[in-house]
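# Structural overview
Chain by chain, the residues run as shown.
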2 protein chains.
Amino acid sequence: MNIGDVADLSGLPAKTIRYYEDIGLVKPLRSSNGYRTFRESDAHKLAFLGRARALGFTIEDCRNLLALYEDEKRASAEVKEIAKQHLERIDGKIAELKEMRATLAHLVEECAGDHRPDCPILADLAMKRRDEDDRRKST
Amino acid sequence: MNIGDVADLSGLPAKTIRYYEDIGLVKPLRSSNGYRTFRESDAHKLAFLGRARALGFTIEDCRNLLALYEDEKRASAEVKEIAKQHLERIDGKIAELKEMRATLAHLVEECAGDHRPDCPILADLAMKRRDEDDRRKST
DNA sequence: TCTAAGGCTTCCCCCCGCTGGAAGGTCAAC
DNA sequence: GTTGACCTTCCAGCGGGGGGAAGCCTTAGA
């Protein structure tokens, strides 16, 4: 298989596949014309990578997951640990985004959004720390 | 004020402040020894930037917000529009993360996490598209 | 047999938003 | 005068690729 075929199969752009080779995630063979030649197992790995990345695993996580995948003597506990840590990262990000969202939604609601210059959004962003603390106390 | 002072005031690292000068967000003066000299207004802008960034606004958003902040004839509608678009981006990200979270949490639950190699997490990642579709139908 | 289109190769730069570090100038205190 | 904390510039790199140039390779059609 050439890179285009495996790109279609895995859903990954050819550029990404070359990059994955660069960083050692896949190791396709080369045919005499210099083209990369992907085996079934390479295509399989790439699909695996695509799905792991879609779940938000980092490249390093993917490298570890792939190694565990290939190791028939792995302990599922190791895999679970990686997944659990990732789950925590995701939860952290969600919490962070929700906090931003709450603040921002509040400000957007307060803003008239008309031709006048008065704007609680800008006022909040410009506010000094001490005033902000005051507002927190009073709210 | 030197960069260290304004870094303390704004809570931003000096590196970041230099970077913000590079990209034209702040324009401190220079004293004869080559040190950057920040006015009150610069310190104020940097604090503004810090808070906008903490809400997840992109640098370009920040640039626009800062321009609106400085424009006394702005219409609050413009500010609100930027904020609303950002709110949508945040919602999009939250939704995306929640979907990842759901899939991942499900897999983590299913995995025994012991010394045995059998692992539904790896199995799912390795699964072929067609099998995945089948599972969707049957679930 | 020529040609055109499309695929493949490497290469290097770009994105965002910083961050780290090296090499060196400056300033205040002791 | 010398230490140590500042400050300066410049260059490189993070993650995770994307864009595009310049140049082979292959294949289909006229």
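Given the structure is predicted, the values throughout are model-derived calculations rather than measurements.

All right, on to the overall build of chain A then. Scanning chain A from N- to C-terminus turns up seven helices and two strands. Helices (α) and strands (β) of chain A occur, in sequence order from the N terminus, as α-α-β-β-α-α-α-α-α. Taken against the 2.2 N^0.38 rule, which gives 14 Å for 139 residues, the C-alpha radius of gyration of chain A at 24 Å runs more than 25% over that of a compact globule. Dimensions of chain A, computed from C-alpha atoms along their principal axes, come out at roughly 70 × 40 × 20 Å. Only carbon and sulfur atoms are counted for the fraction: they give 49% of the accessible area of chain A, which is about 8200 Å². Of the side chains in chain A, 25 bear a positive and 26 a negative charge, and the two mean positions are spaced by 3 Å.

This part takes up the protein's contact with DNA strand D. In the neighbourhood of DNA strand D, 19 residues make up the surrounding shell, with A:Lys15, A:Tyr20, A:Arg53, B:Gly4 and B:Arg36 lying closest. Counting only the atoms of DNA strand D that lie within 4 Å of the protein, the sugar and phosphate share comes to 73%. Contact distances for DNA strand D include 2.8 Å between a phosphate oxygen and a side-chain N or O atom of A:Arg53. Between A:Ile59 and DNA strand D, the recorded distance is 3.2 Å, taken from a backbone N or O atom to a phosphate oxygen. At the level of secondary structure, the elements contributing two or more residues to the surface near DNA strand D comprise helix H2 (14-22) of chain A together with helix H1 (3-10) and helix H2 (14-22) of chain B.

Partitioning chain A into domains gives domain 1 (1-57) and domain 2 (75-139). Between the C-alpha centres of domain 1 of chain A and domain 2 of chain A there is a distance of 38 Å.

Turning next to the interface of chain B and chain A. Taken together, the contact between chain B and chain A spans 54 residues of the former and 54 residues of the latter. Taking both sides of the interface into account, the surface hidden between chain B and chain A amounts to around 4500 Å²; carbon and sulfur atoms contribute 72%. On the chain B side of the interface with chain A, the three residues burying the most area are B:Arg51, B:Leu122 and B:Leu125, jointly 16% of the side's total. For the pair chain B and chain A, the interface holds two salt bridges. Notably, a salt bridge pairs A:Arg101 with B:Asp91, separated by 2.6 Å at the nearest N-O pair. At the level of secondary structure, the elements contributing two or more residues to the side of chain B that touches chain A comprise helix H3 (40-54), helix H4 (59-70), helix H5 (76-110), helix H6 (120-126) and helix H7 (129-138) of chain B. Residues that form the side of chain B that touches chain A fall into these classes: 31 nonpolar, seven polar and 16 charged.

Cut-offs used in this document
- Residues numbered from 1 in each chain as written.
- Chains lettered and ligands numbered in written order.
- Predicted model: local features only at pLDDT ≥ 70, side-chain atom pairs only at ≥ 80, totals over all residues.
- Heavy atoms only, no water.
- Helix = DSSP H or I, 4+ residues; strand = E, 2+ residues; numbered from the N terminus.
- Rg over C-alpha atoms; globule rule 2.2 N^0.38 Å.
- Areas by Shrake-Rupley, 256 points an atom, 1.4 Å probe, with all protein chains shown as cover.
- Lys, Arg positive; Asp, Glu negative; His and termini not counted.
- Charge placed at Lys NZ, Arg CZ, Asp CG, Glu CD.
- Near = heavy atom within 4 Å.
- Polar contact = N/O pair within 3.5 Å; in protein donor to acceptor, adjacent residues only side chain to side chain.
- Domains from an automatic or database assignment.
- Contact = heavy atoms within 4.5 Å.
- Buried area = accessible area lost by both parts, 1.4 Å probe.
- Salt bridge = Lys/Arg side-chain N within 4 Å of Asp/Glu carboxyl O.
- Nonpolar A, V, L, I, M, F, W, Y, C, P; charged D, E, K, R; others polar.

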